[in-house]
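# Survey of secondary and tertiary structure
So the chains spell out like this:
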Amino acid sequence: MKILSIESSCDDTSIAYIHVDEATETATILSHITSSQADLHTQYGGVFPMIAKREHAKNIVPIFKQVLIESGAYTEKTVSFDESIITSIPMIDTGMAQELCDFLKTIDKAEIDYICVTHGPGLEMSLWVGVNFAMALSRVWDIPLVPVNHMEGHIYSISVNGEKSFPLHTFTYPYLSLLISGGHTQLVLAPNKNEYKIIGNTKDDAVGEAFDKVARMIDLPYPGGPAISKIARIAREKGMTSWVTLPRPMIHTGDLDFSFSGIKTAVLYAVEKKVKESGTITEDEKMTLAMEFENAVTDVIVKKLFKAVDEYHIEEIAVAGGVAANNYIQEQIKNHITKEGYGVRVYFPDRSVTGDNALMIALAGYKNIKEILSGNKKNPSTIKANGSLRLSLGDK
Ligand code: KG4
Ligand code: ZN
């Protein structure tokens, strides 16, 4: 089965084209291209929605062309079709619609069995670009369209191992996912296939958002996670001690929820006080602050993760999302398993797919396609972008 997938929920425009050998459940990447807008958003210290939408609309057709060329699925051919199939799609970006019409008139239909697209959660304006692009292509080439939840995509990214071909992970139920990204901090229990229950969530900032905001306070670039992690590691390796102690919010609460805005505010006050007293904050002070921040965040994450493991008798954990790339968090989760003698298996995706990407959408999409084909799940007749889409027990 060949799947083309599209992801545009935040600031990455990504398209993947994969082949899945259904007999062996092995996926092969035919092409996977992601264009990040991170540099453009750096000046705002976060993602600016209008710019994100504009960039998706500008990049998506060229990326599609590149994917077809790279995978060998690009064959020139003069084709004619009624343009209104595309231009009549409500709210479609007119520039993108025209570019796609012009391009599709020059190529032969590629061998694609299903098109999968992220329909939420994320920035709604950004999501619409991918959804409308996918809808247009599905109409012109008459290929079924399957929507995918971005968070489910992150969970399915754990199969990716850095190789071109890789076996699809077989989940054992119930399993637990820790989804940590710039937009989410969630503990998700999957009692069965297609059933999700959010058992823990952040009450305020997402963990990645806290990394980004703290980075901004000490003049590090966006995205802040890798930048903070890099200097925190130096401080740790040098055995430096921090000049500040940060809170571990909600670490002892009886629930599985998180809160990161308190740590962020504590960093802000500490930095302001330091600058007031000494006129500046030194590079060494930034390093130890970054280390203490990463320690504080990790302490809370590890505590809540294993509280959930205990409460729900979990044997398998998937950790995914942009923040799952964090070395220290990965290490501490693994150390906790060894130190406390847990029999739990933990899976992290290859670092190439911790951030937003279309490959994970194709993988979750493949699972959904199989569930639709076997009658366990319904494919909606219309697909809408939904910025606040949630994983739920009713995901059938
Ligand atoms: O999953 P993702 O690419 O986009 C969202 O759906 O949010 O996650 C991006 C987030 C950013 O906040 C970024 O700072 C964070 O992931 N991040 C990290 C690391 N790499 C990326 N946070 C901590 N440590 C990292 N190594
Ligand atoms: Zn994401």
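This text goes with the structure placed above it.
Residues numbered from 1 in each chain as written. Chains lettered and ligands numbered in written order. Predicted model: local features only at pLDDT ≥ 70, side-chain atom pairs only at ≥ 80, totals over all residues. Heavy atoms only, no water.

### Considering the pairing of strand 7 (residues 175-180)
Where a strand is regular, its side chains alternate between the two sheet faces. Across the six residues that make up strand 7, a large majority, six, are buried. Across the two faces of strand 7 the burial is the same, with Tyr 175, Ser 177 and Leu 179 and Leu 176, Leu 178 and Ile 180 all buried. Summarising the sheet, strand 7 and strand 8 (residues 185-192) pair through six bridges and their orientation is antiparallel. Across the sheet, the residue bridging to Ile 180 is Thr 185, located in strand 8. Between strand 7 and strand 8, which pair antiparallel in sequence order, lie four residues. The sheet contact formed by strand 7 and strand 10 (residues 316-320) spans four bridges and is parallel. For Leu 179, the partnering residue across the bridge sits in strand 10 and is Ala 320. (Buried < 20%, exposed > 50% of the residue type's maximum accessible area, 1.4 Å probe, protein only. Helix = DSSP H or I, 4+ residues; strand = E, 2+ residues; numbered from the N terminus. Pairing = 2+ DSSP bridges.)

### Some points on the environment of Ser 126
Looking at the element boundaries, Ser 126 is found in helix 5 (residues 124-141). A sequence separation of 35 residues divides Ser 126 from Asn 161, and the C-alpha atoms of the two residues are 28 Å apart. In this structure Ser 126 touches Ser 8, Ser 9, Cys 10, Ala 52, Lys 53 and His 56, once residues within four positions along its chain are discounted. (Contact = heavy atoms within 4.5 Å.)

### Examining a nonpolar patch on the surface
A cluster of nonpolar side chains, namely Tyr 44, Phe 48, Met 50 and Met 125, defines an oily patch on the protein surface of about 370 Å² accessible area. In this structure, Met 50 sits in helix 2 (residues 49-71). (Patch = residues over 30% accessible without salt bridge, like charges linked within 9 Å, V, L, I, M, F, W, Y side chains within 5 Å. Areas by Shrake-Rupley, 256 points an atom, 1.4 Å probe, with all protein chains shown as cover. Salt bridge = Lys/Arg side-chain N within 4 Å of Asp/Glu carboxyl O.)

### Focus on the pattern of salt bridges
Where charged atoms of side chains with opposite charge meet at close range, the side chains can pair. Tallying each qualifying case throughout the model produces 23 salt bridges. Put simply, Lys 193 and Glu 371 hold a salt bridge, and the shortest N to O gap is 3.8 Å. Highlighted residues: Lys 193 in the loop between strand 8 and strand 9 (195-201) and Glu 371 in helix 12 (residues 359-373), separated in sequence by 178 residues. Here Lys 193 falls in the partly exposed class, since its relative accessible area comes to 37%. Classification of Glu 371 as buried rests on a relative accessible area of 7%.

### Side note on the packing of helix 7 (residues 207-217) against helix 10 (residues 283-312)
Packing of helix 7 against helix 10 leaves a shortest axis separation of 11 Å and a crossing angle of 170°. If you check the angle between helix 7 and helix 10, you find them roughly antiparallel. Residue-level contacts link Val 207, Ala 210, Phe 211 and Val 214 of helix 7 to Phe 293, Glu 294, Val 297 and Ile 301 of helix 10. When the residues that make up the contact of helix 7 with helix 10 are grouped by side-chain class, the tally is seven nonpolar, no polar and one charged. (Axes fitted to C-alpha atoms, helices over the stretch in contact; angles between N-to-C directions. Parallel < 35°, antiparallel > 145°, perpendicular 65-115°, else oblique. Nonpolar A, V, L, I, M, F, W, Y, C, P; charged D, E, K, R; others polar.)

### A few points about the coordination of the zinc ion (ligand 2)
Each donor-metal-donor angle would ideally measure 109.5 degrees in four-coordinate tetrahedral geometry, or 90 or 180 degrees in six-coordinate octahedral geometry. Bound to the zinc ion (ligand 2) on the protein side are His 150 (NE2), His 154 (NE2) and Asp 356 (OD), at distances that span 2.1 to 2.2 Å. For the zinc ion (ligand 2), the four donor atoms in the first shell make angles of 90 to 153° at the metal, a pattern classed as irregular. (Donors = N, O, S within 2.8 Å, 3.2 Å for Na, K, Ca; no water. Tetrahedral: all angles 85-135°; square planar, octahedral: opposite > 155°, others 65-115°.)

### Considerations on the nonpolar core
Of all hydrophobic cores here, the largest spans 53 residues; its most connected members are Leu 187, Phe 293, Ile 301, Phe 306, Ile 317, Val 319 and Ile 333. When contributions to this core are tallied by element, the ones reaching two or more residues are strand 7, strand 8, helix 7, helix 8 (224-237), helix 9 (261-278), helix 10, strand 10 and helix 11 (327-340). Contacts of Phe 293, omitting those with residues within four sequence positions, involve Ala 210, Phe 211, Val 214, Ile 228, Leu 246, Ile 263 and Val 267. (Core = buried A, V, L, I, M, F, W, Y, C linked by side-chain atoms within 4.5 Å.)

### Description of the site of ligand 1
Neighbouring ligand 1 are 20 residues, the closest being Gly 182, Asp 212, Gly 225, Gly 322 and Asn 326. In this structure, Ser 181 approaches ligand 1 through a side-chain N or O atom, which is 3.5 Å from an oxygen atom. In the model, an oxygen atom of ligand 1 is placed 2.7 Å from a nitrogen or oxygen of the Asp 212 side chain. For ligand 1, whose unbound accessible area comes to 550 Å², protein coverage reaches 86%. For the shell around ligand 1, the elements supplying multiple residues, two or more each, are helix 6 (150-156), helix 7 and helix 8. (Near = heavy atom within 4 Å. Polar contact = N/O pair within 3.5 Å; in protein donor to acceptor, adjacent residues only side chain to side chain.)

### What about the sheet that holds strand 8?
On the basis of which strands lie adjacent, the open sheet formed by five strands has the order 9-8-7-10-11 and mixed pairing. Pairing within the sheet leaves two strands with one partner each, and these edge strands are strand 9 and strand 11 (345-347). On average, each strand axis in the sheet is inclined to that of its neighbour by 25°, with strand direction left out of account.

### Examining the layout of surface pockets
In this structure, the largest pocket spans a volume of roughly 1,200 Å³. Around the largest pocket, the lining comprises 50 residues; the ones closest to its centre are Cys 10, Ser 181, Gly 182, Gly 183 and Asp 356. Counting only elements with at least two residues in the lining of the largest pocket, the list comes to helix 6, strand 8, helix 7 and helix 8. Of all the elements, helix 7 adds the most residues to the lining of the largest pocket, at six residues. (1 Å grid on protein atoms, 1.4 Å probe; cavity = no way out; pocket = protein on both sides within 12 Å on 5 of 7 lines; lining within 4 Å. Points joined across faces, edges and corners; volume = space filled by probe spheres on them.)

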